[in-house]
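Observations on chain architecture
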Amino acid sequence: MDKKDSGSLKGLDKIITNYRRLLDETLPIAVPKNLATNHLIIVNSYRNIIESLENAGKIFSDPIVGLVEVARYRNSSNMLILSLSILGRYFEISDTIIRAVSTQVN
């Protein structure tokens with residue numbers, strides 16, 4: 001990328017806005033105690049992704065900072081994916097348990 005490619009970073013604004021919306025919607029959710037750590041990881045991942053994307057434009061003025069932010073974005077995205085996968089698995093298991101109990105009750 002060179003400086004004339006910096007215009008392509010303007011498309012990040014929409015992505016940042018979407019992550020902010022996700023953060024704003026996720027933060028106030030009350031979660032069971034056993035999911036609190038997972039919820040915190042998801043919230044922090046959203047925050048880190050937002051900050052990384054906001055700082056990505058520095059790649060043209062300070063390439064080292066820009067590259068650090070790209071790595072931070074990748075790590076935060078991986079943590080988010082892992083945490084959401086764990087949450088999805090939790091709900092799958094909970095659904096299975098609820099169905100099994102419902103079958104026994106009926």
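Residues numbered from 1 in each chain as written. Predicted model: local features only at pLDDT ≥ 70, side-chain atom pairs only at ≥ 80, totals over all residues. Heavy atoms only, no water.

1. Some thoughts on the side chain of Thr-26
- Along the chain, Thr-26 turns up in helix α1 (residues 12-26).
- At a separation of 2.7 Å, a polar atom in the side chain of Thr-26 contacts the main-chain carbonyl oxygen of Leu-22.
- Setting aside anything within four residues of it in sequence, one finds Thr-26 in contact with His-39, Ile-42, Val-43 and Tyr-46. (Helix = DSSP H or I, 4+ residues; strand = E, 2+ residues; numbered from the N terminus. Polar contact = N/O pair within 3.5 Å; in protein donor to acceptor, adjacent residues only side chain to side chain. Contact = heavy atoms within 4.5 Å.)

2. Overview of the layout of surface pockets
- Estimates place the volume of the largest pocket at around 160 Å³.
- Lining the largest pocket are Thr-26, Ile-29, Val-31, Pro-32, Leu-35, Asn-38, His-39, Ile-42, Tyr-46, Leu-84, Leu-87 and Phe-91.
- Going through the elements one at a time, α2 (36-55) and α3 (63-105) are the ones with two or more residues in the lining of the largest pocket.
- Sort the elements by how many residues they give to the lining of the largest pocket and α2 lands first, with four residues.
- Within the lining of the largest pocket, the residues separate by chemical class into nine nonpolar, three polar and no charged. (1 Å grid on protein atoms, 1.4 Å probe; cavity = no way out; pocket = protein on both sides within 12 Å on 5 of 7 lines; lining within 4 Å. Points joined across faces, edges and corners; volume = space filled by probe spheres on them. Nonpolar A, V, L, I, M, F, W, Y, C, P; charged D, E, K, R; others polar.)

3. Here we look at the packing of aromatic side chains
- Going through the model one piece at a time under the given rule, you end up with two aromatic pairs.
- Measuring from ring centre to ring centre gives 6.1 Å for Tyr-19 and Tyr-46, while their planes differ by 55°; the resulting arrangement is tilted. Here Tyr-19, found in helix α1, pairs with Tyr-46, found in helix α2; they are 27 residues apart in sequence, far enough to count as distant.
- Assessed through its relative accessible area of 17%, Tyr-19 is described here as buried.
- Note on Tyr-90 and Phe-91: the rings are 5.5 Å apart at their centroids and 75° apart in plane angle, and the pair reads as edge-to-face.
- Look at Tyr-90 and you get partly exposed, because its relative accessible area is 28%. (Phe/Tyr/Trp six-rings, centres within 6.5 Å; stacked < 30°, edge-to-face > 60°. Buried < 20%, exposed > 50% of the residue type's maximum accessible area, 1.4 Å probe, protein only.)

4. Digging into the side chain of His-39
- On the secondary structure map, His-39 appears in helix α2.
- In this structure His-39 comes out as buried when scored by relative accessible area, which is 15%.
- Apart from residues lying up to four places away in sequence, His-39 is in contact with Thr-26, Leu-27, Ile-29 and Val-31.

5. With respect to the nonpolar core
- In this structure, Leu-12, Ile-16, Tyr-19, Leu-23, Ile-42, Val-43, Tyr-46, Ile-49, Ile-50, Leu-53, Ala-56 and Leu-80 together form the largest nonpolar core, which totals twelve residues.
- Where this core is concerned, the elements lending two or more residues are α1 and α2.
- For this core, the element with the most residues is α2, which contributes six residues. (Core = buried A, V, L, I, M, F, W, Y, C linked by side-chain atoms within 4.5 Å.)

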